[in-house]
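Given next are the chains, with one letter for each unit.
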Amino acid sequence: MRTARWCGMIAALALCLLPHSGGAQEVPPAPAQSYILDLADYLTDAQEADISQQLLALKARSGVEMAVLTHPSAPQFEAYATRVFDAWGIGDKSRNDGILLLITRAERAVRLELGAGYGREWDRAAADVIDREMMPHLRADDINAAVASAIAATQRRIITPYQAGDPAPAPKGGSNWPVWLIGALIALTAISRAFKSRLAALFGRMSRCPQCQQRGLKRQVTALRPATRVLGGLRRVQVTCPHCGYSQSREEPTAPIRTSTYSGGGGFGGGRSGGGGASGRF
């Protein structure tokens, strides 16, 4: 196990030292037999095995996948955590309830990344896990204790109340108005998406016909070829005028289905991150 981990750490360091070509930092393959990948070599074999058992027990108790990744260096560690999360597919695909704990050696940074299902109102709880449970151990360079504390505190402060339907805890000593603000923004976004097609049709009807100059053009979109993860699709846009019979048809390409550049691996359930969570440096 130690030999394999050393090889992984050397490979990760080599990737970090390569000249930057504008591309994103490489995502390591997901662990195939456990939920932990210790590329920074913070842990002994016994500690890694113990943490692996804690993560498996958490999955058995709650059904939630929590993964741990330590890395020699990830300068853009917050964005990198999101990429790893989505590439590995942490959490249940329908619930998006996975959690990733990333610790980087060079930056002395920690990131607790939450699945998209939690919503940004749970970021404060993730920050509490880092600040109250992990930081004392991290600053003492006891990574094993920090990770073990994070696993227990994440279940206690995030997973259990979330599954019970309890609201996310408000910051101590303050009101929970940021939660309401975030909720309002989410609601406005949902409403905007729901009425996007209707608004497009409305503006289409307000456009003048190029032949008779009357308003009321109708726009109909028909899918000709569905998009895939490799190739874009094709659709036909038909514009007609109910007044003079004017008709125009054009074909438009659609983008490929967005997906991770990493094909996956390990035993994760296909979840995705919403970019929420919390970070810290030690």
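Visitor: Tell me what's going on with the overall build of the protein, and back it up with residues and numbers.
Guide: What the protein contains, in helices and strands, is 7 helices and 8 strands. Sorting the 282 residues of the protein into buried and exposed places 39% on the buried side. In the structure as shown, the protein presents an accessible area of about 15500 Å², 56% of it carried by carbon and sulfur atoms.

Visitor: If you had to explain the packing of helix 4 (residues 123-139) against helix 5 (residues 143-163) to someone new, which residues and values would you point to?
Guide: Between helix 4 and helix 5, the shortest axis-to-axis distance is 8 Å and the interhelical angle comes to 155 degrees. Classified by the angle between their axes, helix 4 and helix 5 sit roughly antiparallel to one another. At the point where helix 4 passes helix 5, the crossing takes the right-handed sense. In this structure, helix 4 contributes A125, A126, D128, V129, R132, E133, M134, H137 and L138 to the contact, and helix 5 contributes I143, A145, A146, S149, A150, A153, T154, R156, R157 and I158.

Visitor: With reference to specific residues and values, describe the sheet that holds strand 5 (residues 218-225).
Guide: Read from one edge of the open sheet, 3 strands run 5-6-7, paired in antiparallel fashion. At either margin of the open sheet sits one strand with a lone partner, and together these are strand 5 and strand 7 (247-254). Neighbour-to-neighbour, the strand axes of the sheet open up by a mean angle of 20 degrees, direction not taken into account. Relative to strand 7, strand 6 (residues 233-240) runs antiparallel, the two sharing 8 bridges. When the bridges of strand 7 are listed, Q238 appears paired with S249.

Visitor: Tell me about the pairing of strand 3 (residues 99-104), residues and numbers included.
Guide: Burial analysis of strand 3 places 6 of its 6 residues in the buried class, which makes it a mostly covered element. Residues I99, L101 and I103 of strand 3 are buried on one face, and the alternating residues L100, L102 and T104, pointing to the opposite face, are buried as well. Looking at chain direction, strand 2 (residues 66-71) and strand 3 are connected through 6 bridges and run parallel. The residue of strand 3 that forms the bridge with H71 is T104. Examined bridge by bridge, strand 3 and strand 4 (residues 109-115) share 6 bridges and lie antiparallel to one another. Paired with L101 across the bridge in strand 4 is L112.

Visitor: Tell me about the packing of aromatic side chains, and name the residues and values.
Guide: For any pair of aromatic rings, the description rests on two quantities: the centre-to-centre distance and the angle between the ring planes. Under the criterion given, the structure shown has 4 aromatic pairs. Between Y118 and Y162, the aromatic rings sit 4.5 Å apart at their centres with planes inclined by 45 degrees, giving tilted as the arrangement. One end of the pair, Y118, is in the loop between strand 4 and helix 4; the other, Y162, is in helix 5, and 44 residues separate them in sequence. With a relative accessible area of 27%, Y162 lands in the partly exposed category. Taking 5.8 Å as the distance between ring centres and 85 degrees as the angle between the ring planes, the aromatic pair formed by W122 and Y162 counts as edge-to-face.

Visitor: Could you give an account of the nonpolar core, with specific residues and numbers?
Guide: Counting residues in hydrophobic clusters, the biggest one holds 57 residues, and the most contacted among them are W88, L101 and I103. Those elements giving two or more residues to this core turn out to be strand 1 (36-38), helix 2 (45-62), strand 2, helix 3 (77-88), strand 3, strand 4, helix 4 and helix 5. Beyond its immediate sequence surroundings of up to four residues, I103 is in contact with Y42, L69, T70, H71, A109, V110, M134, L138, I143, V147 and F282. Grouped together as the second largest cluster of nonpolar side chains are 6 residues, C209, L217, C241 and Y246 included.

Visitor: Tell me about unusual backbone geometry, and name the residues and values.
Guide: The phi dihedral of R108 falls on the positive side, at around 50 degrees, and the residue is not glycine. Relative to the assigned elements, R108 resides in the loop between strand 3 and strand 4. What makes R108 partly exposed here is its relative accessible area of 31%. Positioned with a positive phi, D141 is a non-glycine residue whose angle comes to about 60 degrees.

Visitor: So what's going on with helix 5? Which residues, and what values?
Guide: Compared with the 30 Å implied by 1.5 Å per residue over 21 residues, the 28 Å span of helix 5 between its first and last C-alpha is a close match. At Q155, helix 5 shows its strongest bend, of approximately 40 degrees. Once helix 5 finishes, G165 follows within two positions and takes phi at roughly 85 degrees, a positive value.

Visitor: Before we move on, can you summarise the environment of E251 with the specific residues and values?
Guide: As for its placement among the helices and strands, E251 is situated in strand 7. Among residues more than four places away in sequence, those in contact with E251 are L224, L234, R235 and R236.

Visitor: I'd like a rundown of the packing of helix 2 against helix 5, residues and numbers included.
Guide: At their nearest, the axes of helix 2 and helix 5 sit 10 Å apart, and the two run at 5 degrees to each other. Comparing their axes, helix 5 and helix 2 come out roughly parallel. In this structure, helix 2 uses Q47, I51, Q54, L55, L58, R61 and S62 to contact helix 5, whose residues at the interface are N144, V147, A148, I151, Q155, I159 and Q163. When grouped by side-chain class, the residues that make up the contact of helix 2 with helix 5 number 7 nonpolar, 6 polar and 1 charged.

The rules we used
Residues numbered from 1 in each chain as written. Predicted model: local features only at pLDDT ≥ 70, side-chain atom pairs only at ≥ 80, totals over all residues. Heavy atoms only, no water. Helix = DSSP H or I, 4+ residues; strand = E, 2+ residues; numbered from the N terminus. Buried < 20%, exposed > 50% of the residue type's maximum accessible area, 1.4 Å probe, protein only. Areas by Shrake-Rupley, 256 points an atom, 1.4 Å probe, with all protein chains shown as cover. Axes fitted to C-alpha atoms, helices over the stretch in contact; angles between N-to-C directions. Parallel < 35°, antiparallel > 145°, perpendicular 65-115°, else oblique. Left-handed = near helix turned anticlockwise from the far one by under 90°. Contact = heavy atoms within 4.5 Å. Pairing = 2+ DSSP bridges. Phe/Tyr/Trp six-rings, centres within 6.5 Å; stacked < 30°, edge-to-face > 60°. Core = buried A, V, L, I, M, F, W, Y, C linked by side-chain atoms within 4.5 Å. Expected span 1.5 Å × (residues − 1). Bend = angle between axes of the 7 residues up to and from the residue. Nonpolar A, V, L, I, M, F, W, Y, C, P; charged D, E, K, R; others polar.

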